[in-house]
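Below are the chains, spelled out letter by letter.
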Amino acid sequence: MADEFDVIVIGAGPAGENVVDRAVRGGLTAAIVEERLAGGECSYWACVPSKALLRPIDLAAEVSRVPGLSLGPIDAAKVLARRDEAVSGYDDAGQVRWVESVPAEFVRGRGRLDGPKRVRVTTETGEERVLTARQAVVLATGSTAAIPRTPGLAEASPWTSHEVTAATAIPERLVVIGGGVVACEMAQAMHGLGARQTTVLVRGGRLLNRMEPFAGELLAESFAEAGIDVRTNTDVARVERPEPGGKVTVHLPEGPPLEADELLVATGRHPATRNLGLASVGLPEDKPVEVDDSLRATGVEGGWLYAVGDVNGRVLLTHMGKYQARVCGDVIAARARGDELPAMRDLAGGYGAPQVVFTDPQICAVGRTEEAARADGFRVRVVDYDMGAVTGAYLLGDGYRGKARAVVDEDRKVLLGVTFASPGAAELLHAATIAVTAEVPLDRLWHAVPSFPTVSEIWLRLLEAYGL
């Protein structure tokens with residue numbers, strides 16, 4: 001059975017869905033292939049459920065800082081039930097209806113490349129279906145959790161982001177391997193929901209090592225106050241789990257082993273390219289699909305293959321995958337019409353993608369860190385400010401702590417990067433994203449007057465500290 005469409009997308013996560021939407025808006029026909037659930041990792045096992053689990057922790061911390069308010073224990077069962085609502089009970093019928101309303105054809109099954117402009121789909125019933133693209137095939141398969149080759153680790157069936165966000169019960173004792181975003185968010189979520197003993201093992205010297213150092217330091221202080229044990233410069237020698245689902249023993253190079261009820265591994269992700277048929281079009285397997293700024297795969301004759309989101313390895317963030325997908329869909333439609341592509345390029349990634357770590361305090365950053373800016377050859381000046389000294393921050397509660405940093409390009413007088421680390425800082429980030437990506441001159445930014453008394457007055461204070 002052969003079917004022909006203008007565009008075929010493999011992977012129906014947020015990135016794939018956005019490609020289909022933009023391509024159809026551009027006048028093309030489209031089909032999207034998904035092996036698991038339409039909506040992808042983000043909707044069911046990452047962004048959405050993790051934030052549903054974290055929201056009560058964030059709110060409880062906020063209430064605790066305001067005199068006159070008190071909050072009882074968090075009801076973990078109700079939080080898990082609300083998480084289930086947030087992921088639609090792991091039912092993608094609504095997402096499938098949306099795809100069909102675009103309109104595009106939704107194809108359930110395992111899709112893989114089968115030569116130029118061909119996608120072979122193995123359906124749920126084991127049947128083979130071949131789809132042919134007139135214009136383009138787009139890979140949007142995302143990424144999968146990386147499991148280090150530590151002796152016994154894989155055999156212990158550890159949790160990854162997939163399992164921890166779908167947890168049906170909170171383990172009393174949890175060991176987390178990793179110090180990045182997933183490790184930090186889920187350690188705080190599980191601990192806040194009832195894990196009485198939570199240990200985070202960080203191979204490097206600090207949490208969130210890709211962000212400004214002070215961000216990880218503030219978060220480590222918060223973890224210590226909550227009773228989360230963070231151990232930096234700590235590796236894992238081996239792992240034992242004699243009984244499936246039973247007790248886990250984590251052996252360290254030095255000191256006594258750790259015993260836990262569950263083990264979460266959050267040490268990074270790999271692009272989901274395995275068994276995707278890349279060899280059939282001359283590309284290496286198990287590597288990110290390299291693309292140009294129009295998201296077209298490099299090294300493929302005819303220029304018909306594209307890749308968006310985690311699978312291309314550029315920026316592993318849902319919102320950036322969706323952004324790339326919008327660019328990609330518009331590019332494909334424009335090329336099909338024979339139009340020029342003056343503005344259809346992935347530009348945002350080059351400035352440094354915005355990112356929020358939804359812990360307490362929230363860690364928010366866009367653009368380059370000081371270290372990255374200097375490494376890229378910019379003449380840099382760094383401006384720091386205590387966010388707790390802003391009147392709006394004081395009014396949010398006692399003990400409000402935080403720090404803001406602006407990294408300034410001294411030659412052009414524009415911002416190269418901004419980092420906020422404080423409770424509720426996420427809502428400050430888009431203003432910083434606009435300032436960085438639009439390269440707003442500081443003397444113009446000075447006239448963007450923040451409302452009083454809000455935490456956004458931090459912008460005024462940073463500019464004053466700079467000397468404006």
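Refer to the structure above for everything that follows.
This structure is a prediction, so every number in the text was calculated from the model and none was measured.

S.K.: Run through the sheet that holds strand β7 (residues 173-177), naming residues and quoting values.
M.R.: Pairing is parallel in the open sheet, where four strands are placed in the order β9-β8-β7-β13. Of all strands in the sheet, those with a lone pairing partner are β9 (229-231) and β13 (262-265), marking the two edges. Along the sheet, successive strands turn relative to each other by an average axial angle of 15°, direction set aside. Of the strand pairs in this sheet, strand β8 (residues 197-201) and β9 are connected by three bridges, and their pairing is parallel. Note that in β9 the partner of Leu-201 across the bridge is Arg-231.

S.K.: Summarise the environment of Gly-216; cite the residues concerned and give the values.
M.R.: Inspection of the secondary structure assignment puts Gly-216 in helix α8 (residues 213-226). Between the C-alpha atom of Gly-216 and that of Gly-180, which follows or precedes it by 36 residues, the distance is 9.5 Å.

S.K.: How would you sum up the packing of helix α1 (residues 14-25) against helix α9 (residues 318-337)? Please name residues and give values.
M.R.: When two helices pack together, their arrangement is given by the angle between their axes and by how far apart the axes lie. Relative orientation of the contacting elements α1 and α9 amounts to 25°, with a least axis distance of 7 Å. When the axis of α1 is compared with that of α9, the two are roughly parallel. Note on packing geometry: the crossing formed by α1 with α9 is right-handed. Taken together, the residues of α9 that come into contact with α1 (itself represented by Pro-14, Ala-15, Asn-18, Val-19, Arg-22 and Ala-23) are Thr-318, Gly-321, Lys-322, Ala-325, Arg-326, Cys-328, Gly-329 and Asp-330.

S.K.: Explain the packing of helix α3 (residues 47-64) against helix α4 (residues 76-86) to me, using residue names and the numbers behind them.
M.R.: Their axes nearest at 9 Å, the elements α3 and α4 cross at an angle of 150°. The orientation of α3 with respect to α4, classified from their angle, is roughly antiparallel. Considering how the two elements wind past one another, α3 and α4 form a crossing that is right-handed. Of α4, the residues touching α3 (which contributes Val-48, Pro-49, Ala-52, Leu-53 and Pro-56) are Val-79, Leu-80, Arg-83 and Ala-86. Split into classes, the residues belonging to the contact of α3 with α4 amount to eight nonpolar, no polar and one charged.

Analysis parameters
- Residues numbered from 1 in each chain as written.
- Predicted model: local features only at pLDDT ≥ 70, side-chain atom pairs only at ≥ 80, totals over all residues.
- Heavy atoms only, no water.
- Pairing = 2+ DSSP bridges.
- Helix = DSSP H or I, 4+ residues; strand = E, 2+ residues; numbered from the N terminus.
- Axes fitted to C-alpha atoms, helices over the stretch in contact; angles between N-to-C directions.
- Parallel < 35°, antiparallel > 145°, perpendicular 65-115°, else oblique.
- Left-handed = near helix turned anticlockwise from the far one by under 90°.
- Contact = heavy atoms within 4.5 Å.
- Nonpolar A, V, L, I, M, F, W, Y, C, P; charged D, E, K, R; others polar.

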